[in-house]
Amino acid sequence: METRLIEYAIAVADELSFTRAAQRVYAAQSTVSAGVRALERDLGTALFERDQRGVRITAAGQAVLPALRALADAEARARTAADPRGELRGELRIGVFSSVSYLAIPRVIGAFHRQHPRVDLQLRASASGSAELADAVRRGRLDLSLYGLPAATAPGLAVHRLATTPYAVILSADHELASRTELALRDLADERFVDAPVGFGNRDVLDAALGARGIVRDVRAEVTETSSIPVFVANGLGIALLPELLIPPSEGITVVPLNERITWEFNVVTRTSTGQATAALLEQLLAAY
């Protein structure tokens, strides 16, 4: 039974769409359709029902898919095992934030690549933030991912803490509050804000903390590139509250500590059982922080 055909079937089961499944596995839709039909012939049963209303998993598919997922996981672990000479090999799929250039992540992954050149690294970002990245790990689309939400929000996954960092206030350099040595949330009540969209870990954690205090902000601009938020602030489009770890060096801004302690957890998520390459990269990430 070909591993690639199993991958196609799992993608269709997850997406309930041959089009989205094809995009996920980087193959033509016709290739995925033909591959699933070939797998169904090998198994002697239909895994999916296809009609104008869409794709549905058959009863036989519901029974068979757990075994197919187990085979795919076993194959993935085998691909990323050490060879007889002790060299890691195979494929490692890594989920990253849309803005990571100013973090230690590229340096750590680059060092890992130099140490383990036979491991094929694939980095994938999400336009929807941490929740989508965690779901991709859970579904087997990624082996490891950065994660910006608390551990309790990732059931079924192993959450590994890299760092905890407080939020700070970002102001344009000419803002009337820029000379202050510390600011309280009450000082920001009438301000307009720039932030990441809902679904991004740093936004969701902050919204929850402010909501618990009965504070509702006026978010005027949402930016998916977290590193661009200070640029918007510098140009007078609002102020921002960001975890200190996520604030890149920027011109035209002032960063002021926040009086109230609101913290953000910088995590990595993996499945509870990992291959050797995943474990090796995780060890290096933990050591970097």
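All values derive from a computational prediction rather than experimental measurement.

Colleague: I keep staring at the overall build of the chain and nothing clicks. Help me out?
Modeller: Scanning the chain from terminus to terminus reveals nine helices and eleven strands. Expressed as a percentage of the 289 residues in the chain, the buried residues total 49%. Nonlocal contacts in the chain, meaning residues at least 24 apart in sequence, comprise 71% of its contacts between residues at least 6 apart. A total of about 13,800 Å² of accessible surface is found on the chain, and carbon and sulfur atoms cover 49% of it. Averaging the coordinates of the 31 positive side-chain charges in the chain and doing the same for the 34 negative ones gives two points 6 Å apart.

Colleague: Even after reading the chapter, I still don't get the packing of aromatic side chains, so can you show me in this structure?
Modeller: Aromatic rings considered in pairs are described by the distance between their centres and by the relative angle of their planes. Enumeration according to the criterion identifies five aromatic pairs in this entry. When the ring of Phe 97 is compared with that of Trp 264, the centres are 6.5 Å apart and the planes differ by 50 degrees; the resulting orientation is tilted. Of this pair, Phe 97 sits in the loop between strand S3 (90-96) and helix H5 (105-115) while Trp 264 sits in strand S11 (residues 263-270), and the two are 167 residues apart along the sequence. Each member of the pair, Phe 97 as well as Trp 264, is classed as buried.

Colleague: So what exactly am I meant to see when it comes to the packing of helix H1 (residues 3-15) against helix H3 (residues 29-43) here?
Modeller: Packed helices, taken two at a time, are described by the angle their axes make and the gap between the axes. At a minimum axis separation of 8 Å, H1 and H3 run at an interaxial angle of 105 degrees. As judged from the angle between their axes, H1 and H3 are roughly perpendicular. Contacts from Leu 5, Ile 6, Tyr 8, Ala 9 and Val 12 of H1 reach H3 at Thr 31, Val 32, Gly 35, Val 36, Ala 38, Leu 39 and Asp 42. When its residues are assigned to classes, the contact of H1 with H3 shows nine nonpolar, two polar and one charged.

Colleague: What am I meant to see in the environment of Glu 91 here?
Modeller: Examined against the element boundaries, Glu 91 turns out to sit in strand S3. For Glu 91, a relative accessible area of 22% gives the class partly exposed. Reaching out from Glu 91, the side chain makes a polar contact with the side chain of Gln 122 at a distance of 2.8 Å.

Colleague: Where do I start with helix H6 (residues 130-138) in this structure?
Modeller: Think of an α-helix as turning once every 3.6 residues; residues three or four places apart then point the same way. Within the span of H6, buried status applies to Ser 130, Leu 133, Ala 134, Ala 136 and Val 137. Summarising the axial view, the buried residues of H6 lie within an arc of 155 degrees, below the 170-degree limit, and thus occupy one face. Buried residues along H6 sit in contact with S3, strand S4 (119-125), strand S5 (144-147), helix H7 (201-212) and S11. Gly 140 occupies a position one or two residues after H6 and carries a positive phi of about 85 degrees.

Colleague: I would appreciate a short explanation of the side chain of His 116 in the present structure.
Modeller: In this structure, His 116 sits in the loop between H5 and S4. Setting aside anything within four residues of it in sequence, one finds His 116 in contact with Leu 88 and Gln 284.

Colleague: Looking at this structure, I do not really get a nonpolar patch on the surface. What am I missing?
Modeller: Residues Val 231, Phe 232 and Leu 237 make up a contiguous nonpolar surface patch of about 240 Å² in total accessible area. Among the secondary structure elements, Val 231 is positioned in helix H8 (residues 229-234).

Colleague: Got a minute to help me understand the packing of helix H2 (residues 18-25) against H3 in this structure?
Modeller: Running from N to C, H2 and H3 cross one another at 105 degrees; their axes reach a closest spacing of 8 Å. Between H2 and H3, the angle falls in the class roughly perpendicular. Across the interface between the two elements, Phe 18, Thr 19, Ala 22 and Val 25 of H2 pack against Gln 29, Val 32, Ser 33 and Val 36 of H3. Residue composition of the contact of H2 with H3, grouped by class: five nonpolar, three polar and no charged.

Colleague: What am I meant to see in the environment of Ser 30 here?
Modeller: Note on placement: Ser 30 falls in helix H3. Here the alpha-carbon distance between Ser 30 and Gly 148, two residues 118 residues apart in the chain, equals 37 Å.

Colleague: Please clarify how the pattern of salt bridges should be interpreted in this entry.
Modeller: Two side chains bearing opposite charge may form a pair once their charged atoms approach each other closely. Scanning all chains against the criterion turns up 21 salt bridges. Of the charged contacts, one joins Asp 14 and Arg 139 as a salt bridge, the two residues approaching to 3.4 Å between their closest N and O atoms. Highlighted residues: Asp 14 in helix H1 and Arg 139 in the loop between H6 and S5, separated in sequence by 125 residues. On the basis of relative accessible area, Asp 14 is assigned to the buried category, the value being 12%.

Conventions adopted
- Residues numbered from 1 in each chain as written.
- Predicted model: local features only at pLDDT ≥ 70, side-chain atom pairs only at ≥ 80, totals over all residues.
- Heavy atoms only, no water.
- Helix = DSSP H or I, 4+ residues; strand = E, 2+ residues; numbered from the N terminus.
- Buried < 20%, exposed > 50% of the residue type's maximum accessible area, 1.4 Å probe, protein only.
- Contact = heavy atoms within 4.5 Å.
- Areas by Shrake-Rupley, 256 points an atom, 1.4 Å probe, with all protein chains shown as cover.
- Lys, Arg positive; Asp, Glu negative; His and termini not counted.
- Charge placed at Lys NZ, Arg CZ, Asp CG, Glu CD.
- Phe/Tyr/Trp six-rings, centres within 6.5 Å; stacked < 30°, edge-to-face > 60°.
- Axes fitted to C-alpha atoms, helices over the stretch in contact; angles between N-to-C directions.
- Parallel < 35°, antiparallel > 145°, perpendicular 65-115°, else oblique.
- Nonpolar A, V, L, I, M, F, W, Y, C, P; charged D, E, K, R; others polar.
- Polar contact = N/O pair within 3.5 Å; in protein donor to acceptor, adjacent residues only side chain to side chain.
- Arc of directions from axis to C-beta.
- Patch = residues over 30% accessible without salt bridge, like charges linked within 9 Å, V, L, I, M, F, W, Y side chains within 5 Å.
- Salt bridge = Lys/Arg side-chain N within 4 Å of Asp/Glu carboxyl O.

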